[in-house]
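# Residue-level structural notes
So you can see what is in the structure, the chains are spelled out below.
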Amino acid sequence: MPALQRPEPRAGVLKIQAYVPGKSSAPGVAKVHKLSSNETPLGPSPQAVAAYIGEAERLHDYPDGAATALREAIGRAFGLDPARIVCGAGSDELLNLVAHAYLGPGDEAIHTTHGFLVYPIATLAAGATPVVAPETNYTADVDTILAAVSERTKVVFLANPNNPTGTYVPFDEVKRLHRALPPHVVLMLDAAYAEYVRRNDYEAGIELVATSENVVMCRTFSKIHGLAALRLGWLYGPPHIVDALNRIRGPFNVNAPAIAAGVAAMGDAAHVERSRAHNERWLAWLTEEIGRLGLAVTPSVGNFLLIHFPEAKGRTAKDADALLTSRGLILRRLEPYRLPNALRMTVGSEEANRQVVATLAELLGKSA
Ligand SMILES: *Cc1c(COP(=O)(O)O)cnc(C)c1O
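Residues numbered from 1 in each chain as written. Predicted model: local features only at pLDDT ≥ 70, side-chain atom pairs only at ≥ 80, totals over all residues. Heavy atoms only, no water.

## Considerations on the pairing of strand E4 (residues 129–133)
Along any regular strand, the residues point their side chains to alternate faces of the sheet. Here strand E3 (residues 108–112) runs beside E4; their pairing, made up of 5 bridges, is parallel. In the sheet register, Thr112 faces E4, and the bridge partner there is Ala133. Considered for its hand, the β-α-β crossover made up of E3, helix H4 (residues 118–125) and E4 is right-handed. (Pairing = 2+ DSSP bridges. Helix = DSSP H or I, 4+ residues; strand = E, 2+ residues; numbered from the N terminus. Right-handed = clockwise from strand over helix to strand, strands pointing away.)

Shown next, in the form of structure tokens:
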């Protein structure tokens, strides 16, 4: 082999399409409504903000590398053993830790057609190969996931509910998936939107984690808790997986202000309830009003909806995005998610929601 002229990353690294975050500004528009990253319009709990500010005097000290207070607060809130919880700098970090601990060259990790983009990125970064299992009606399909399993499969990533589709897999189906997976395969349940789901047949994964050796669940403070800027997530898993992740994570991966804010957020159930109630009302309203305009909306159980556009010139997702952006309404384009003619809209404030519907009505030449 000829000597390399400069350092080269491992092959998988350059196959990665870097994650493109939702836009946060619109050229020439002063006031924008950012509806592109599933942040909450209600913001964080005031108690979480106060706890964050309270840490300002102690920035010279390293945080508690075990995030003990936060794991205990989560344990209390959900009735879980804190020893089986790992906190991370966002659930993104936790998904990557799982990939790095369980995947390597020659291994495969499965995700679904419109699954969260962090899964293939984490898989490729670990040197492994992402395998796509087709969805049915924009919903993860247990049978296609099982059909994609090979001897090389080491991890199955399942966002439940999924982003950007908003659909979910009922608990019976998740259990059926788990039962049929080989016992050495990690079933990674990403429940970033669990708090928003109002369905009797949904379970985030706690029960399955508690009763098995190969299921992990991750959750985030970025969505209903409104703390996306702090980068905070947590994972619940069997002790042997928790042990592996604790060996490879950064020793101080979660910062002190984030720990303090997270503890306070866990203690403010009333704030979570307000966010949930706001979402329930406006998700239903948006689904109804946008549907009434003649656009297909995939039924969502999260805090966002997937809106499908016609192919007709002037009415495509691209055209809608241009008009909405010119009005300061920033939604998410979905080309990287293989949904080129759809937009994802985060449920926003009443004002933002009404403006989106009015703008879409204008685009389609209808009265809202
Ligand atoms: C937003 C989101 C997350 C959360 O990511 P953080 O790193 O915790 O901010 C995780 N999974 C899915 C599917 C998401 O949409």
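The structure having been displayed, the exposition proceeds.
## Some thoughts on the packing of helix H1 (residues 46–54) against helix H9 (residues 256–267)
In contact at an axis separation of 8 Å, H1 and H9 are set at 155 degrees when each is read in the N-to-C sense. It follows that H1 is roughly antiparallel to H9 by the angle criterion. For the crossing formed where H1 meets H9, the hand is right-handed. Side by side, H1 and H9 meet where Gln47, Ala48, Ala51 and Tyr52 of the first sit next to Pro257, Ala260, Ala261, Ala264 and Ala265 of the second. Looking at the contact of H1 with H9 residue by residue, the class counts come to 8 nonpolar, 1 polar and no charged. (Axes fitted to C-alpha atoms, helices over the stretch in contact; angles between N-to-C directions. Parallel < 35°, antiparallel > 145°, perpendicular 65-115°, else oblique. Left-handed = near helix turned anticlockwise from the far one by under 90°. Contact = heavy atoms within 4.5 Å. Nonpolar A, V, L, I, M, F, W, Y, C, P; charged D, E, K, R; others polar.)

## Concerning the domain arrangement of the chain
On domain assignment, one finds that the chain holds domain 1 (21–43 + 270–364) and domain 2 (46–267). For domain 1 and domain 2, the distance between their C-alpha centres works out to 26 Å. The partner domain 2 presents 27 residues to the 27 residues of domain 1 that form the contact. Of the roughly 2,300 Å² buried at the junction of domain 1 and domain 2 (both faces included), carbon and sulfur atoms supply 63%. Of all residues in domain 1, Val301, Tyr337 and Arg338 bury the most surface against domain 2, accounting for 29% of the area lost on that side. Joining domain 1 to domain 2, the criterion identifies 2 salt bridges. Put simply, Arg198 and Glu280 hold a salt bridge, and the shortest N to O gap is 3.2 Å. Our count for the contact surface shared by domain 1 and domain 2 stands at 8 residue pairs in polar contact (both at pLDDT 80 or more). The set of elements that each furnish at least two residues to the side of domain 1 that touches domain 2 consists of helix H10 (269–292) and strand E10 (304–308). Counting residues per element, the side of domain 1 that touches domain 2 draws most heavily on H10, which supplies 8 residues. Within the side of domain 1 that touches domain 2, the residues separate by chemical class into 10 nonpolar, 12 polar and 5 charged. (Domains from an automatic or database assignment. Buried area = accessible area lost by both parts, 1.4 Å probe. Salt bridge = Lys/Arg side-chain N within 4 Å of Asp/Glu carboxyl O. Polar contact = N/O pair within 3.5 Å; in protein donor to acceptor, adjacent residues only side chain to side chain.)

## Section: the site of the ligand
Around the ligand, the neighbouring residues are Gly90, Ser91, Asp92, Phe116, Asn163, Asp190, Ala192, Tyr193, Thr220, Ser222, Lys223 and Arg231. Ser91 is positioned such that a nitrogen or oxygen atom in its backbone is 2.6 Å from an oxygen atom of the ligand. Its free accessible area being 390 Å², the ligand has 94% of it covered by the protein chains. For the shell around the ligand, the element with the highest residue contribution is helix H3 (residues 90–102), accounting for 3 residues. (Near = heavy atom within 4 Å. Areas by Shrake-Rupley, 256 points an atom, 1.4 Å probe, with all protein chains shown as cover.)

## Quick look at the pattern of salt bridges
For the structure on display, the rule yields 19 salt bridges. Linking Glu351 and Lys31 is a salt bridge whose minimum nitrogen-to-oxygen distance equals 3.2 Å. Pair noted here: Glu351 is in helix H12 (residues 350–364) and Lys31 is in the segment before strand E1 (33–34), with a separation of 320 residues, a long-range link. Exposure remark for Glu351: the relative accessible area of 39% places this residue in the partly exposed category. Given the relative accessible area of 52%, Lys31 is considered exposed. The residue Glu39 makes a salt bridge to Lys34 at a minimum N-O spacing of 2.9 Å. (Buried < 20%, exposed > 50% of the residue type's maximum accessible area, 1.4 Å probe, protein only.)

## Here we look at the environment of Glu203
On the secondary structure map, Glu203 appears in the loop between strand E6 (186–190) and helix H7 (206–210). The exposure class assigned to Glu203 is partly exposed, which follows from its relative accessible area of 23%. In this structure the C-alpha to C-alpha distance between Glu203 and Phe171, which are 32 residues apart in sequence, comes to 5.5 Å. Among the polar contacts made by the side chain of Glu203, one reaches the main-chain amide nitrogen of Ile206 at a distance of 3.3 Å. Among the polar contacts made by the side chain of Glu203, one reaches the main-chain amide nitrogen of Glu207 at a distance of 3.4 Å.

## Here we look at the nonpolar core
Residues Phe221 and Trp234 are the most contacted members of the largest nonpolar core, which totals 50 residues. With 6 residues, the single largest contributor to this core is H9. Core analysis: the next-biggest nonpolar cluster, separate from the first, contains 31 residues, Val86, Ala128, Val216 and Val242 among them. (Core = buried A, V, L, I, M, F, W, Y, C linked by side-chain atoms within 4.5 Å.)

## Focus: the side chain of Thr316
With respect to the secondary-structure elements, Thr316 resides in the loop between E10 and helix H11 (317–326). On the basis of relative accessibility, which here comes to 16%, the residue Thr316 falls in the buried class. Among the polar contacts listed, one links the side chain of Thr316 to the side chain of Asp319, at a separation of 2.8 Å. Once you skip the residues sitting within four places of it in the chain, Thr316 turns out to touch Phe309, Pro310, Glu311 and Asn341.

## Details of the side chain of Asn303
You can see Asn303 is positioned in the loop between strand E9 (296–298) and E10. From its side chain, Asn303 meets the backbone oxygen of Asn38 in a polar contact 3.1 Å long. Excluding residues that lie within four positions of it along the chain, Asn303 makes contacts with Asn38, Glu39, Tyr193, Tyr196, Asn279, Met345, Thr346 and Val347.

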